[in-house]
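Here is what each chain is made of, one letter per residue.
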Amino acid sequence: MGIIAGLVSLVIFYFILNAIRFAVINYYGNPYMLKPPTVQLLVMAVNVILFRLLMINLDKEKTAKGFLFVTVLNSLGYFYFLFKLSK
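Throughout what follows, the structure given in this document is the object of discussion. Every value quoted in this text rests on a predicted model; they were computed, and no experiment measured them. (Residues numbered from 1 in each chain as written. Predicted model: local features only at pLDDT ≥ 70, side-chain atom pairs only at ≥ 80, totals over all residues. Heavy atoms only, no water.)

1. Considering the side chain of S9
Tracing the chain through its elements places S9 in helix α1 (residues 2-28). Residue class for S9 comes out buried when judged on its relative accessible area of 8%. (Helix = DSSP H or I, 4+ residues; strand = E, 2+ residues; numbered from the N terminus. Buried < 20%, exposed > 50% of the residue type's maximum accessible area, 1.4 Å probe, protein only.)

2. Comments concerning the packing of aromatic side chains
Applying the stated rule across the entire model yields five aromatic pairs. Centre to centre, the rings of Y14 and F15 are 5.7 Å apart; their planes meet at 65°, and the pair counts as edge-to-face. By relative accessible area, F15 is classed as exposed at 55%. On the numbers, 4.9 Å between centres and 85° between planes, the contact of Y27 with Y28 is edge-to-face. Using a relative accessible area of 66% as the deciding quantity, one classes Y27 as exposed. Judged by its relative accessible area of 53%, Y28 falls in the exposed class. Each residue in the set Y78, F79 and F83 is aromatic and connected to the rest through ring pairs, giving one cluster. Just above the ring of F22 sits the side chain of R21; from NZ or CZ to the centre is 5.3 Å. (Phe/Tyr/Trp six-rings, centres within 6.5 Å; stacked < 30°, edge-to-face > 60°. Lys NZ or Arg CZ within 6 Å of the ring centre and 35° of its normal.)

Right, dumping it as structure tokens:
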């Protein structure tokens, strides 16, 4: 359950933050204001905050472990492809 919830939260928050990014870019007219890695890193930060809320405040340990698992795999994959493509 936690892995599915973690994946769903990643996708939902990615689309939400990407829509906010496009709105800010259209408002200010500066496409370099929020560069593309910013959205991915913010999504990972939101998942870490959700992990903390689930683990400490809501006492949902198994769901929180799924969030952490998905977040760690996502961050490792993101940085692997980021550094592999930059060389």
